[in-house]
Amino acid sequence: MTSLRVRIGILGLVLLAGSAAPASPAAAAATPAPTVEEQRLDQAVPREILERSGFDAVPPHFTRALGTARSYAEARKVVVRQGSALWKRAVDRAQGRGPAGGDLSRDDDRPLYWARLGMTREVRTWEPPFGLSEAQRASLLGELERSSRGQTAVRYPGGERLKRVLVTGFDPFTLDRDIRISNPSGASALALDGTVIETAEGPARVETVVFPVRWQDFTDQTVERALRPYLKKVDLFTTVSQGRVGRFDVERTNGAWRGGFPDNDNVGVTEVVPVPDPASQPQWTSTTLPYKAIVDADTGRFPVYDNTSVTEIPEGGTVPVVRADGPTAGSTARAGGGGNYLSNEIAYRVTLLRDRLGLHDVLPGGHVHTPVLEFGAGNTDPATGAVTDPGFVKNRLDIIAQVRAILVVAVEKAT
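Below, the structure is looked at part by part. (Residues numbered from 1 in each chain as written. Predicted model: local features only at pLDDT ≥ 70, side-chain atom pairs only at ≥ 80, totals over all residues. Heavy atoms only, no water.)

**Here's the deal with the nonpolar core**
Taken as a class, soluble globular proteins show a tendency for nonpolar side chains to be buried jointly. In this structure, Phe62, Leu66, Trp114 and Val123 are the most contacted members of the largest nonpolar core, which totals 38 residues. Elements supplying a minimum of two residues to this core: helix H4 (44-51), helix H5 (58-67), helix H6 (72-94), helix H7 (110-125), helix H8 (134-148) and helix H9 (184-192). Considering every element that reaches this core, the biggest residue donor is H6, with 8 residues. With near-sequence residues (within four places) excluded, Trp114 lies in contact with Glu37, Arg40, Leu41, Pro46, Ile49, Leu50, Leu175 and Ile179. Membership of the second largest hydrophobic core comes to 26 residues, among which are Val165, Ile197, Ala204 and Ala410. (Core = buried A, V, L, I, M, F, W, Y, C linked by side-chain atoms within 4.5 Å. Buried < 20%, exposed > 50% of the residue type's maximum accessible area, 1.4 Å probe, protein only. Helix = DSSP H or I, 4+ residues; strand = E, 2+ residues; numbered from the N terminus. Contact = heavy atoms within 4.5 Å.)

Set out below in structure tokens:
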């Protein structure tokens, strides 16, 4: 009995030690998990938005299609095809083509946003029998992001008489404050993509793309990759984002600084905007849009301002100061006219790319901030409010119409 007890005791110690021992590298590999942004899909509001637009069928359809893939190459084809179809479906819905799919107004950008997240979550957590390396999964996610954001669908027809305009928008953001939020810049991109606007200088074809609200994507140069192929081909570009309450702003100056406000993954970054060749990186870039003409024109319901203010650290100084009339010589950027979040950064990146391509004096381009898209009176409580209301829809439609009108003025006066 004593010998048996000893053997049992030794066996218990071995089992205990085995349970505490570190796992092998293969066993320790983390199971793929959704991001903070993707986890919001489980809340009631995203589900309602998807159901009331008919986009609730998109992620399950994508999951079934992905499940038919028997190799990485086949999966890549599924991702590109389905991502492109999502972008086209969102644009068609916004422009009145095909069924609405529900009672949510067609101008709404949120079905695209939430449906895309359903698709990226599937790719991120997918464990096919043939296996995926980290690099392959990242590549699939990249293809899905680009194709579902219109970044692979920019097409300008031939003809010298046709002006070519490139416009960018953003996803909804600050969703932990109010998950019902829509972004009028993204809605404008859907409404304008592939359309022709008539100007006094002739017709202008507008192509649009949408970008995520995530610092890491910008660090990875998603903006430069998406827009570099087109800057030498277009006649005008405008990056657009949501800005201040009750007003449009044409941002005169953009700064090379990230202020740290959390993105859609709740990540905040405070640093100099990371770009290639940092040794030649300027602290400031400027708009080449015809800002005075835009401000002076009657483009719609909201006033439009030429915003010249920046926040800088003066040369030789240590404390940031606000300058109402732009930066002083030798200063260090702490905020452009559009702040120091991703709206300032996209403006900085694209105007820097314009300048590095030698286009500063020949390509009009810059950033426009739209008004904040507000819900109607009596629908301001994020916890109990409706996902839409007549005032909300009117505000978004008015902003979209004014973005279009601003583009008409920009094309006419920049020619």
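**Considerations on H7**
Helix length check: H7, at 16 residues, gives a terminal C-alpha distance of 23 Å against a target of 22 Å (1.5 Å per residue), a fit within 8%. The element H7 is largely enclosed, with a buried count of 13 among its 16 residues. (Expected span 1.5 Å × (residues − 1).)

**Considering the packing of H5 against H6**
Look at H5 against H6: their axes get within 10 Å of each other, and the N-to-C directions meet at 160°. Taken as axis vectors, H5 and H6 run roughly antiparallel relative to one another. Where H5 crosses over H6, the two elements pack in a sense that is right-handed. Between H5, through Val58, His61, Phe62, Ala65 and Leu66, and H6, the contact on the second element is made entirely by Ala75, Val78, Val79, Gln82, Leu86 and Arg89. Each residue belonging to the contact of H5 with H6 can be placed in one class, and the counts come to 8 nonpolar, 2 polar and 1 charged. (Axes fitted to C-alpha atoms, helices over the stretch in contact; angles between N-to-C directions. Parallel < 35°, antiparallel > 145°, perpendicular 65-115°, else oblique. Left-handed = near helix turned anticlockwise from the far one by under 90°. Nonpolar A, V, L, I, M, F, W, Y, C, P; charged D, E, K, R; others polar.)

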